[in-house]
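One letter stands for each residue in the lines below.
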Amino acid sequence: MRIPAPKLLLAPACLGLFLLSGWASVFFAVDTDLVQYAAIAATIVLGGLSLSYSGLNRFACLLPVIVCLIAFAQIAYLDTHIGHRPKELKFYLILVFCAYCACFVLRGAAAEQFVKIYVALCFLLSVAALAMNKGADAGAQRLMQGDGNPIWIARAAGTAIMFLAWRLLTDTRRQALRIALILPCVAALVLAGSRGPILSLLLGLGVLLVLTNRGALLLSRKVWAAGLAVVLLAVAAAVMAPDGIKDRLASLVVSNYSGSDVLRMNLYEVSFSMLRDTLFGQGFGAFEASGALQPYPHNLLIETLIEPGLIFTVFFFALIVYAIARLYRSAKRSQGRDLVATFLCALSLYSLANAMFSGDITSPKELYLCVFYALSTAFVVRTANVQRPVPASSQPIAH
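Residues numbered from 1 in each chain as written. Predicted model: local features only at pLDDT ≥ 70, side-chain atom pairs only at ≥ 80, totals over all residues. Heavy atoms only, no water.

Here's the deal with the overall build of the chain
Then, number 1: A count of helical and extended segments in the chain gives 17 helices and zero strands.
Then, number 2: Going through the 399 residues of the chain one by one, you find that 48% of them count as buried.
Then, number 3: Summarising the internal contacts of the chain: among those between residues at least 6 apart in sequence, 78% fall at separations of at least 24.
Then, number 4: Carbon together with sulfur atoms contributes 66% to the accessible area of the chain, which is approximately 19400 Å² in total. (Helix = DSSP H or I, 4+ residues; strand = E, 2+ residues; numbered from the N terminus. Buried < 20%, exposed > 50% of the residue type's maximum accessible area, 1.4 Å probe, protein only. Contact = heavy atoms within 4.5 Å. Areas by Shrake-Rupley, 256 points an atom, 1.4 Å probe, with all protein chains shown as cover.)

Take a look at the structure:
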């Protein structure tokens, strides 16, 4: 018996857990990789139950995905010199899994369920991190530095803020409640001390304003009052934050060349030196093998240029740009009312912008999911809406 995808809440939930699997070791004494692979297996099984065998057109979306994966695999081997199988395997595993989810899990109402579940998980995790504040180190004293990467907290908090902001823009009910939910996420975002998610969030919020055509809201006194409350909380959190976080946040507007900035400059110097050697890629893991202070340059564009190479990078980013443009057009047609297209468009831009400041090529999983979702929906054959016949009572009476 076929189980429709909208009835399978567990499949979108497992997908959300996969995207946030890095948190597992923070709150529980388990291996993060074990949680990640368990979430992958559970999503595949639950997603498989929702498959429809009513026609081959259901699988039409697989063709471009398979072609893209084959192209990625071939391009990566064009001119690589250093092999790092674990990282390469993990990258392609993420791509294949995100492609599978886009084709078979995020169908129909299941995509909307995924967005809500994923945002709920991001909200709960950011609030839990704020409440527990476990193991901040004695140096930067960023939120949960000792047991988990602060960037995870910041990305989760920013995701929740974007969704709540979208609801504020599209629904006038329960605005006070949504603003109250935004406040702890803002505090977590500030105390995490990560600048990339803050800048990326500003971009995502701007995209939401454009998509929903709500620029006129900037003239509303209620919006200014709500914005003032959020800003005051952010300022209070920044004032009470340790000095290390204050220095990092201050560098958003004033260049103070803190320790983190010096480290980034060192990573970029190593990157440009490696790019001068060849533009056709030195293989996955080449940056780590170079002896740099960090295993990756904290910039997705630079990393793809160095490791898979120029040809891969052109194809890779062309695919990302095409997918974001498609999501943008779809969201714009609904004037930002379509939850899935609108939120995934903002999320993909948010994730891409953040990937320019932090993480490696395997980090922005939500970006790859958005890309394959846009690809899969682009090639699915959709039937045109049939116009309803004009009721007889509305037709003019012949004399």
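Description of the nonpolar core
Then, number 1: Core analysis: the largest hydrophobic core is formed by 91 residues, its most contacted members being Phe91, Leu300, Phe343, Leu344 and Tyr368.
Then, number 2: In terms of residues, this core owes the most to one element, helix 5 (residues 85–105), which gives 13 residues.
Then, number 3: Apart from residues lying up to four places away in sequence, Leu344 is in contact with Val115, Leu327, Leu339, Cys370 and Tyr373.
Then, number 4: In this structure, Leu275, Ile302, Leu305 and Ile306 belong to the second largest nonpolar core, which totals nine residues. (Core = buried A, V, L, I, M, F, W, Y, C linked by side-chain atoms within 4.5 Å.)

Structural notes on the packing of aromatic side chains
We describe a pair of aromatic rings using the distance from one ring centre to the other and the angle between the two ring planes.
Then, number 1: Evaluation of the coordinates by the stated rule reveals 13 aromatic pairs.
Then, number 2: Residues Phe91 and Tyr92 carry aromatic rings whose centres are separated by 5.4 Å and whose planes lie at 50° to one another, so their mutual orientation is tilted. Tyr92 carries the same exposure label as Phe91, and that label is buried.
Then, number 3: Between Phe163 and Trp166, the aromatic rings sit 6.1 Å apart at their centres with planes inclined by 35°, giving tilted as the arrangement. On the criterion of helical spacing, the pair formed by Phe163 and Trp166 is a turn pair, its members being three residues apart in helix 7 (residues 150–170). Of the two residues examined, Phe163 and Trp166, each falls in the buried class.
Then, number 4: Within the aromatic cluster, the residues linked to one another by ring pairs are Phe91, Tyr92, Phe284, Phe312, Phe316, Phe317 and Tyr368.
Then, number 5: Sitting over the ring of Phe18, Lys365 keeps its end group 6.0 Å from the ring centre. (Phe/Tyr/Trp six-rings, centres within 6.5 Å; stacked < 30°, edge-to-face > 60°. Lys NZ or Arg CZ within 6 Å of the ring centre and 35° of its normal.)

Some points on the packing of helix 6 (residues 109–132) against helix 7
Then, number 1: Where helix 6 meets helix 7, the closest approach of the two axes is 8 Å, and the angle between their N-to-C directions is 130°. Classed by the angle they form, the pair helix 6 and helix 7 counts as oblique. For the pair helix 6 and helix 7, the sense of crossing is left-handed. Across the interface between the two elements, Val115, Tyr118, Val119, Cys122, Phe123, Ser126 and Ala129 from helix 6 touch Ile153, Ala156, Ala157, Thr159, Ala160 and Phe163 from helix 7.
Then, number 2: In terms of residue class, the contact of helix 6 with helix 7 is built from 11 nonpolar, two polar and no charged. (Axes fitted to C-alpha atoms, helices over the stretch in contact; angles between N-to-C directions. Parallel < 35°, antiparallel > 145°, perpendicular 65-115°, else oblique. Left-handed = near helix turned anticlockwise from the far one by under 90°. Nonpolar A, V, L, I, M, F, W, Y, C, P; charged D, E, K, R; others polar.)

Structural notes on the environment of Pro197
Then, number 1: Mapped onto the elements, Pro197 comes out in helix 9 (residues 195–212).
Then, number 2: Owing to a relative accessible area of 0%, Pro197 belongs among the buried residues under this scheme.
Then, number 3: Along the backbone, Pro197 and Arg155 are 42 residues apart, and their C-alpha atoms lie at a distance of 5.8 Å.
Then, number 4: When sequence neighbours within four positions are dropped, the list of residues in contact with Pro197 reads Ile151, Ala154, Arg155, Leu189, Tyr350 and Asn354.

Some thoughts on the pattern of salt bridges
Then, number 1: This structure, assessed with the given rule, holds seven salt bridges.
Then, number 2: Taking the shortest distance from any N to any O, the salt bridge between Glu303 and Lys87 comes out at 2.6 Å. Here the residue Glu303 occupies a position in helix 14 (residues 300–306), and Lys87 occupies one in helix 5, the gap between them amounting to 216 residues.
Then, number 3: In this structure, Glu366 and Arg155 form a salt bridge, with 2.6 Å as the shortest nitrogen-oxygen distance. (Salt bridge = Lys/Arg side-chain N within 4 Å of Asp/Glu carboxyl O.)

Some details on the confidence of the model for the chain
Then, number 1: When the pLDDT values of the chain are averaged, the result is 77; 69% of them are 70 or greater.
Then, number 2: Mean pLDDT per element in the chain: helix 11 (residues 243–250) is the minimum at 63, and helix 16 (residues 339–355) is the maximum at 95.
Then, number 3: Of the regions scoring below 50 in pLDDT, residues 1–6 engages in 15 contacts with residues more than four places distant in sequence or in other chains.
Then, number 4: Residue range residues 135–139 is modelled with pLDDT below 50. Its contacts to residues more than four positions away, or to other chains, number 10 contacts. (pLDDT = per-residue confidence, 0-100.)

Quick look at the environment of Thr278
Then, number 1: Take Thr278: it is sitting in the loop between helix 12 (259–277) and helix 13 (286–289).
Then, number 2: The class of Thr278 is buried, set by a relative accessible area of 17%.
Then, number 3: It is 8.0 Å that separates the C-alpha atoms of Thr278 and Ile306, two residues lying 28 residues apart in sequence.

Description of the environment of Leu344
Then, number 1: Position of Leu344 relative to the elements: it lies in helix 16.
Then, number 2: Judged by relative accessible area, Leu344 falls into the buried class, the value being 3%.
Then, number 3: C-alpha separation for the pair Leu344 and Tyr328, spaced 16 residues apart in sequence, amounts to 9.0 Å.

Some remarks on a nonpolar patch on the surface
Then, number 1: A surface patch of nonpolar side chains, amounting to about 270 Å² of accessible area, comprises Leu199, Leu202 and Phe357.
Then, number 2: As for its placement among the helices and strands, Phe357 is situated in the loop between helix 16 and helix 17 (365–378). (Patch = residues over 30% accessible without salt bridge, like charges linked within 9 Å, V, L, I, M, F, W, Y side chains within 5 Å.)

Overview of unusual backbone geometry
Then, number 1: Positive phi values are uncommon outside glycine, yet His298 reaches one of about 60°.
Then, number 2: Structurally, the position occupied by His298 is in the loop between helix 13 and helix 14.
Then, number 3: Positive phi, close to 55°, is recorded for Gln335, a residue that is not glycine.
Then, number 4: Secondary-structure assignment places Gln335 in the loop between helix 15 (310–333) and helix 16.

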